[in-house]
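Structural overview for review
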Amino acid sequence: MTPTLFIVPFLLSLLSSLSLTHAQSIAPSPAADACNGIFLSYAYTRGAQLPPTLKSTPTRQPYRFESTVTILNNGLDPLKSWKVWVGFTHEEYLVSASNAILADGTSLPAGVGNGTVFAGYPSTDLETAIETAGDLTQMSTRIDLVGTQFGVGSPNIPMPANISLANDGFVCPKPTLQGTTEMQVCCIKNPNFKTNITSDDGFLPLQNGDLTIMYDVIRTYDSNYWAQVTIANHNPLGRLDNWKLSWDWMRDEFIYTMKGAYPDVLDASDCIYGDQGKFYKELDFANVLNCQRRPILVDLPLERTNDTTLGMIPFCCRNGTILPPSMDPSKSTSVFQINVFKMPPDLNRSQLTPPQNWKINGTLNPDYQCGPPIRVSPSQFPDPSGLPSERTAFASWQVVCNITQPKGASPRCCVSFSAYYNESVIPCKTCACGCHSTSSQTCSTTSPALLLPPQAILVPFENRTDLANAWADLKHFPKPNPLPCGDNCGVSINWHLYTDYSRGWTARITIFNWDDTSFADWFTAVEMDKAAPGFEKVYSLNGSSLSGANNTIFMQGLTDFNYLVAETDGANPEKDPRVPGKQQSVISFTKKNTPGINVVGGDGFPTKVFFNGEECSLPTALPTNNAYRKGSTISISVLLAIVVFMLMHR
């Protein structure tokens, strides 16, 4: 079929045969009149089949959809920073949304098939009828959605499973269908909900989160302004290394200069060839740092702290490291300043708009999901003159980020278990940190990892094959064909149950760094559901019970030795395996505070393990003692030593 013959049916289908139109009116629907809260509606407008035509797999057939979401405030109080949940269920891929952004910081186009939360932009608040004399332009907003959904063609209608108000303090019943193309619900305030009252200036109070980012405008002019960005970590186990912060400019802004941080790409070409270059004809764009719509900003190295041009900002220049407050409160914050140039029609010193769709991440750190910037009361800072007074920002916004586990994401660290009563180590799970799609060596991604002799966890996975095979033959363990893939983790942690006696017990923790990057100021934490109250001491590391979490033990390196080095070459690189960076300590517990504890039965093993804030993959099994035969220990050890000797001198 020629391209013309292919496009014509598609256009006819788009414009007519599969179109479903419904009346659009400024006035709310009659059902809204009966709602004395927040009225929500979702209306499917039209749709059409998209190429290619997939007759053999109709569930994968793509269709265009257009719909509208309406939010109307019929209540007594203004709705600040409105958010609406739409429970999409047809693998929707959203291309555009008017008057709104995705609240999780994702830029469009984006997949929203599991449902998504919309937040208002550029207007974030909905006023009341009382305050506006019934002005619907201030009381309501409408989101026009355009996207692609899969598998629902005419005459069926791809409606969401649910719509509801996502703001705290509201109750939304199950929505009702109006025919087949519209869904409505009335959400009312929960009388039992307790929250901070909005401040006298009408702004929302500051919110809590694992990580918060303040965007404070500290100087403003007609064509540009200076903002101070403060990243603060509040999670006792949260952490960022080599942080990267990104956002979307929504009104053609660009970065002229910065102090305390820097764009990862210096590029003014988008300005030179864009509207910015046409408007700022006299500006030397050679001095402009970045004109990307979505810049990526990074911290400066420590040696730039006192740089009069780039540094001299308190809490800047730490190479992107933000520690948990439980580890060092003075290093749990990062600050930088940014000079932003604006474009018409915003050339007014009071016209200030923050960037949207914030994202922040680090290396071997938890994943964070950030909400939209919320206008809050202007921040106050100590006066730089040193006088005992406070200087107030011209405008402030807060971005709240929380640790999340993205669907399908793999951990970046893993744990192995071993015990004094079992000669085998239960290694990290197969593909614990994911498996490479292209591998030069065939391996199984589904077979369980082979049990290992203790010394095997000291060498890289690629050097364990002979040891694992020899151990399996010696112990008569089954061996799958092909053999299991490795764990592919940059950091692994071995938890070894060391002793168990009448009044107490001990464990040994060993942290291995298999990566090419060393870790300064590292930490690890273990969650012990039943054993934590008996925690006594960590001997070769700094260890303590985590404040506010009675079942978590927090560990870091000793002062001046808190450095986990990278993997290095062996003594003879031609034949010796690479050597991981390693830190190790014994931990002692008493049974006095944990009567009835069953150490060997499982209470002596952690239920969660964290490294630098990242939750690690745990084995699915624990060492057992039914196969332990004390009398055979020496003979087996001798045989294994002979096997290892022969393999190394093959």
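Predicted model only: the values in this text are computed from it and were never measured. (Residues numbered from 1 in each chain as written. Predicted model: local features only at pLDDT ≥ 70, side-chain atom pairs only at ≥ 80, totals over all residues. Heavy atoms only, no water.)

**Examining unusual backbone geometry**
Peptide bonds are trans in most cases, and residues, glycine excluded, mostly fall at negative phi. Of the consecutive residues Ser154 and Pro155, the connecting peptide bond is found in the cis state with omega at 10°. Within the secondary structure, Pro155 is located in the loop between strand 8 (140–150) and strand 9 (163–165). Its identity as a non-glycine residue notwithstanding, Met312 has a phi of 65°, on the positive side. Locating Met312 in the fold gives a position in the loop between strand 18 (296–299) and strand 19 (333–341). Overall, the relative accessible area of 48% leaves Met312 in the partly exposed class. Even without being glycine, Asn319 reaches a positive phi, approximately 60°. Turning to its location among the elements, Asn319 is positioned in the loop between strand 18 and strand 19. (Helix = DSSP H or I, 4+ residues; strand = E, 2+ residues; numbered from the N terminus. Buried < 20%, exposed > 50% of the residue type's maximum accessible area, 1.4 Å probe, protein only.)

**Focus: the state of the cysteines**
Inspection of the entire model under this criterion finds 10 disulfides. Cys35 shares a disulfide with Cys186; S-S distance 2.0 Å. In this structure the cystine formed by Cys35 and Cys186 twists about its S-S bond by roughly 80°; its chirality is therefore right-handed. Here Cys186 lies in strand 12 (residues 182–189) and Cys35 lies in the loop between helix 2 (30–33) and strand 1 (38–49), a separation of 151 residues in the sequence. Given the relative accessible area of 2%, Cys35 is considered buried. Judged by its relative accessible area of 23%, Cys186 is partly exposed. Put simply, Cys413 and Cys616 are joined by a disulfide, and their sulfur atoms are 2.0 Å apart. Across the S-S bond of Cys413 and Cys616 the torsion is about -95°, and the bridge reads as left-handed. Here Cys616 lies in the loop between strand 38 (614–615) and helix 9 (633–648) and Cys413 lies in strand 26 (residues 413–419), a separation of 203 residues in the sequence. (Disulfide = S-S within 2.5 Å.)

**Re the packing of aromatic side chains**
Applying the stated criterion to the full structure yields 23 aromatic pairs. Summarising the aromatic geometry, the rings of Phe512 and Trp514 are spaced 5.7 Å apart at their centres and angled 25° between planes, so their arrangement reads as stacked. With respect to class, Phe512 is no different from Trp514; both count as buried. Among the aromatic residues, those joined into a cluster by ring pairs are Tyr215, Tyr225, Trp247, Trp249, Trp358 and Trp397. One residue, Arg60, lies across the ring of Phe150, its end atom 4.7 Å from the ring centre. (Phe/Tyr/Trp six-rings, centres within 6.5 Å; stacked < 30°, edge-to-face > 60°. Lys NZ or Arg CZ within 6 Å of the ring centre and 35° of its normal.)

**Description of the sheet that holds strand 15 (residues 244–248)**
Ordered in space as 17-18-15-20, the four strands form an open sheet in which the pairing is antiparallel. Among the strands making up the open sheet, the edge pair consists of strand 17 (261–263) and strand 20 (356–361). In this sheet, neighbouring strand axes are inclined to one another by 25° on average, regardless of whether the strands run parallel or antiparallel. In the sheet, strand 17 pairs with strand 18 via three bridges, with the strands oriented antiparallel. In the sheet register, Ala261 faces strand 18, and the bridge partner there is Asp299. (Pairing = 2+ DSSP bridges. Axes fitted to C-alpha atoms, helices over the stretch in contact; angles between N-to-C directions.)

**Focus: the pairing of strand 14 (residues 224–233)**
Judged by how many residues are buried, strand 14 sits mostly within the fold: 10 of 10 residues are covered. Covered by surrounding structure in strand 14 are Asn224, Trp226, Gln228, Thr230 and Ala232 together with Tyr225, Ala227, Val229, Ile231 and Asn233, the residues of both alternating faces. Here strand 13 (residues 211–220) pairs with strand 14 via nine bridges, running antiparallel. Pairing of Tyr215 across the sheet is with Val229, part of strand 14. The loop that links strand 13 with its antiparallel partner strand 14 comprises three residues. Looking at chain direction, strand 14 and strand 19 are connected through nine bridges and run antiparallel.

**Concerning the sheet that holds strand 37 (residues 608–611)**
Strand pairing in a sheet relies on backbone hydrogen bonds. The paired strands run either parallel or antiparallel. The five strands lie next to each other as 33-34-31-37-38, forming an open sheet whose pairing is antiparallel. Of all strands in the sheet, those bounded by a partner on one side alone are strand 33 (542–545) and strand 38. Across four bridges, the pairing between strand 33 and strand 34 (residues 552–556) is antiparallel. For Gly543, the partnering residue across the bridge sits in strand 34 and is Met555.

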